[in-house]
Amino acid sequence: MAEVDKARAYILWFEQLRKGDTNFVGGKNANLGELTSAKIPVPPGFAITASAYRHFISVNKLEHLIANELRKLIDPNDTRTLRRVGATIRRAIMNAKMPPDLAKQIISAYTELGKRLNIKNPFVAVRSSATAEDLPGASFAGQQETYLNVRGTAELLDRVKACIASLFTDRAIFYRIQQGYAHGRIALSVAVQKMVNSKAAGVMFTIDPATGDESRIVIEGNWGLGEAVVSGAVTPDHWVVDKKTMKIIERDIVKKEVEYLRDPKTGHTVHMPIPPTRAKKPCLTDEEIKKLAAYGLAIEKHYGNHQDIEWAVDRDLKFPEAVFIVQARPETVWVKKKVEFAVIEKVGAAPVLKGLPASPGTASGPAKIIDIKNLDRVKPGDILVTRMTTPDYVPAMRKAAAIITDEGGATAHAAIVSRELGIPCIVGTEHATTVLKDGAIYTIDARDGFVYEGVIEKLLEKPVPLEVGKPIPTSTKIYMNLGVPEKIEEYKKLPFDGIGLMRLEFIIASYINEHPLDLIAKGKANVYVDKLAEGIGMVAKNIAPRPVVVRFSDFKTNEYRALPGGEKYEPIENNPMIGWRGASRYIADPFEKAFRLECQAIKKVRQKYKNVWVMLPFVRKPEEVQQCLKIMAEEGLKRSADFKVWLMLEVPSVVFRMDDFSKLCDGFSIGSNDLTQLIMGADRDSELLAKMGYLDERDRAVMKAIEMAIEGAKRNGKTISICGQAPSVYPEFAEWLVSKGVTSMSVNPDTVAKTRQLVAQFESKNKRKK
């Protein structure tokens, strides 16, 4: 079958799918594809992708309606509002029209399925498959709808819409909120597969769901369709098979009173009483039970974890061809319990707080609950606890043994800085500042995101050096992000090709800690220049001849204002995130004077180390770049063969004017965090919008902008890098970047070796395709 772009396709056949395709087709469909590839008998079919779902929502302009309605649901326990919101969204979806191009592809695939089955207008099952569905530790089972015995194109298209609408049932909305899943990050795929005309059907677990006994396979079934068993409407027959001997060691045959069947006249599902002659008979033969158990064991072995499986036996086929596996997903109840038991067993205590592990490691010490006004309370060895951090916190963070925040995710300031500093960090706990007691001793395990009372010696580990990894050659250069200059001594042996992002903010906040204009006013401009040059020079010396791309300072006005003396020079802005920052500062009086000091520091370092390049952040217009280059030239910094000037690509205007900007620089570096917030119109500091999924770099609009930027850079013969967190967090995103031709990636120190290894694999894969 021809190679397809899974991220953009609307239809994918099961044989084209694998378990890693969850983002495209959800867990259910990805698993059906994986099972198909593993030669497990799955009813044939195809997936209508998450991309198709987004297309449906976009064409019908439903994004804003959905977001606006969900915003009304402040309290998920407010059942009246929950019902009203869910009903409004579902009604809008059902009233929307199926886009003609999508309808055409669905009908074509349905027709092809009929040809494969040698049946015109075959009966099919239409099943929902959410994009975060059926992952270990989280089950969406029963959250969205399934429709059985669907026949004909008109009914199929209507049921597909109904599946989409079921993403917003009351229970689905409530469940996502309770589990902390952002509505905007979950899309829906739909499985369309041959409808098994079931003689009997049911479920199978490769672990005893009642006791957690891993040596047992439990099978339950009833006459007719499996819906009766899955929904809990009937008491099923029950068997237990021993995994080692594959013998049936328990059986409980009940009196079965009702079965769900396909009405031969209407094709619809009907509930029929079971005749007395079959009521007390087992719905499966011993032969069928053992065949199912064998499939269950094979599926468990294939995935490497316990499985929750649905099965069916077709009345129109003979054994063993009649036995089908309808779906399989990881068993979740005992996964969670085993984690909880393992934590308590390992530690000997239950955690008092849980958050997102942002920087790995363990530490113990007294908690210091602080804010920006009392940073000096943090002493070496303390655990810094705060709502969220900003660059002003860096001096205190450098002293801390560990960091815990109420807010933030993997790209939060606390997370990024902690990884660079090699400090254990847990973010997004929500309640650390209220649950933890100031001065009390705690142990933090940032590998799992747990916080414990007291000192837990068995958790405390010796620092493990960063993985150096093999110097694997890659066409895509792997750069490293750096902020704290002295850390280069620890990192210099890592397999990176240069520093793709050196932040001056760390030097300014930690070593200078005074507003540059205030230093100028005091006649101490040389202090600013010397301290910057000292930090930059330390890095340049240690990694020469590899390049160091120094980003000129990118404090926002509120951050500059927090520096000593800053209140005299900085305005108060309502939204400094998109205010007076980056290149726009450098060309404006009076800050131009401070920018000239940064240029002087670069020139001073380059007198000795020619491997120092620069990067202008948050550029908006070519005109401001021209002015910056003019000032730089006046300070002795001109573009040349050994002095490159890069532009941070964070503002969408750069994407649309790549040809104009390319005339003024040697390369670009995509700041995916800022680019995402500006394309999506979402403040990246907004925890609410982050939870709703608006700040995901994998959004189609963001990926389209990045693709346009890469094409623009290549068209103009310029290098293009990316220095956001996404390539480190999402391997599939890194692979996509490689396929599009990004020239380098700049990642945090803890992911350099891993990223290089992945990129080497991706490049090898792309070569084989060509």
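(A) The nonpolar core, seen in detail. With 88 residues, the main nonpolar core has I499, M632, L649 and F668 as its most contacted residues. The element that contributes the greatest number of residues to this core is helix α18 (residues 525-543), accounting for eight residues. If we ignore the near neighbours within four places in the chain, the residues touching L649 are V654, V655, M658, F668, S669, I670, G671, L675, A709 and I720. Listed in part, the 47 residues of the second largest apolar core include I48, M98, I106 and L157.

(B) Fine view of unusual backbone geometry. The peptide bond linking F319 to P320 adopts the cis configuration, its omega dihedral lying at 5 degrees. Tracing the sequence through the fold places P320 in the loop between β12 (307-314) and β13 (323-330). A cis amide bond links A544 with the next residue in sequence, P545, at an omega value of 10 degrees. For N121, which is not glycine, the phi torsion reads 50 degrees and is therefore positive. Mapped onto the elements, N121 comes out in the loop between α5 (100-117) and β3 (124-130). The partly exposed category is assigned to N121, whose relative accessible area is 35%.

(C) Region of the structure containing the packing of aromatic side chains. Applying the stated rule across the entire model yields eleven aromatic pairs. With 6.3 Å between their ring centres and 55 degrees between their planes, F450 and Y452 make a pair best called tilted. Each member of the pair, F450 as well as Y452, is classed as buried. Ring plane angle 75 degrees and centroid distance 6.5 Å describe the contact between W580 and F591, whose orientation is recorded as edge-to-face. Of this pair, W580 sits in the loop between α19 (557-562) and α20 (583-586) while F591 sits in the loop between α20 and α21 (592-606), and the two are eleven residues apart along the sequence. Of the aromatic side chains, those joined through ring pairs into one cluster are F555, Y560, W580 and F591. Stacked on the ring of F618, the Lys or Arg R581 has its end atom at 3.9 Å from the ring centre.

(D) Spatial organisation of the sheet that holds strand β5 (residues 188-194). Judged by pairing direction, the sheet is antiparallel, and its five strands sit side by side in the order β1-β2-β5-β3-β4 without closing on themselves. Two strands in the sheet have a free side with no partner beyond their single neighbour: β1 (11-13) and β4 (146-150). Direction aside, neighbouring strands of the sheet carry axes that sit 20 degrees apart on average. Pairing of strand β2 (residues 45-48) with β5, which is carried by four bridges, proceeds in the antiparallel orientation. Residue pairing in the sheet places G45 in a bridge with Q193 of β5. Its contacts with the sheet place helix α1 (residues 22-37) against β1, β2, β3, β4 and β5, and it is angled at close to 130 degrees to β3.

(E) Spatial organisation of the pairing of β13. With eight of eight residues buried, β13 is to be regarded as a mostly interior element. Judged from the seven bridges that link them, β12 and β13 form a sheet pairing that is antiparallel. Residue I309 lies in a different strand from β13, and its bridge partner there is A328.

(F) A look at the sheet that holds strand β20 (residues 441-445). Judged by pairing direction, the sheet is mixed, and its eight strands sit side by side in the order β14-β21-β20-β16-β17-β18-β19-β15 without closing on themselves. Looking at the sheet topology across the chains shown, the edges are occupied by β14 (353-354) and β15 (356-359). By the bridge criterion, three bridges tie strand β16 (residues 362-369) to strand β17 (residues 383-386) in an arrangement that is parallel. Paired with A367 across the bridge in β17 is I383.

(G) Expanded view of the environment of K72. By the element assignment, K72 lies in the loop between α3 (63-71) and α4 (79-95). Sequence separation of K72 and K399 is 327 residues, and the distance between their C-alpha atoms is 43 Å.

(H) Region of interest: α18. With 19 residues, α18 should reach 27 Å at 1.5 Å per residue; the first-to-last C-alpha distance of 28 Å fits that figure. Among all positions of α18, only Y528, V529, L532, A533, G535, I536, G537, V539, A540 and I543 are buried.

(I) Looking closely at the pattern of salt bridges. Enumeration according to the criterion identifies 47 salt bridges in this entry. Between E505 and R551 there is a salt bridge, with the nearest N and O atoms lying 2.8 Å from each other. Note that E505 is positioned in helix α16 (residues 505-512) and R551 in strand β24 (residues 548-551), a separation of 46 residues in sequence. Across the pair R596 and E635 runs a salt bridge, and its minimum N-O distance is 2.9 Å. With a gap of 39 residues between them, R596 in helix α21 and E635 in the loop between α22 (622-634) and β26 (645-649) connect regions that are remote in the sequence. One salt-bridge network, held together by shared partners, links E592, R596, K630, E634 and E635.

(J) Broad picture of the side chain of N222. Examined against the element boundaries, N222 turns out to sit in strand β7 (residues 216-223). A relative accessible area of 0% means that N222 is categorised as buried. From its side chain, N222 meets the backbone oxygen of V258 in a polar contact 3.1 Å long. Discounting residues that sit within four places of it in the chain, N222 has contacts with A200, A201, A228, V229, V234, K256, V258, E259 and C283.

Definitions and cut-offs
Residues numbered from 1 in each chain as written. Predicted model: local features only at pLDDT ≥ 70, side-chain atom pairs only at ≥ 80, totals over all residues. Heavy atoms only, no water. Core = buried A, V, L, I, M, F, W, Y, C linked by side-chain atoms within 4.5 Å. Buried < 20%, exposed > 50% of the residue type's maximum accessible area, 1.4 Å probe, protein only. Helix = DSSP H or I, 4+ residues; strand = E, 2+ residues; numbered from the N terminus. Contact = heavy atoms within 4.5 Å. Phe/Tyr/Trp six-rings, centres within 6.5 Å; stacked < 30°, edge-to-face > 60°. Lys NZ or Arg CZ within 6 Å of the ring centre and 35° of its normal. Pairing = 2+ DSSP bridges. Axes fitted to C-alpha atoms, helices over the stretch in contact; angles between N-to-C directions. Expected span 1.5 Å × (residues − 1). Salt bridge = Lys/Arg side-chain N within 4 Å of Asp/Glu carboxyl O. Polar contact = N/O pair within 3.5 Å; in protein donor to acceptor, adjacent residues only side chain to side chain.

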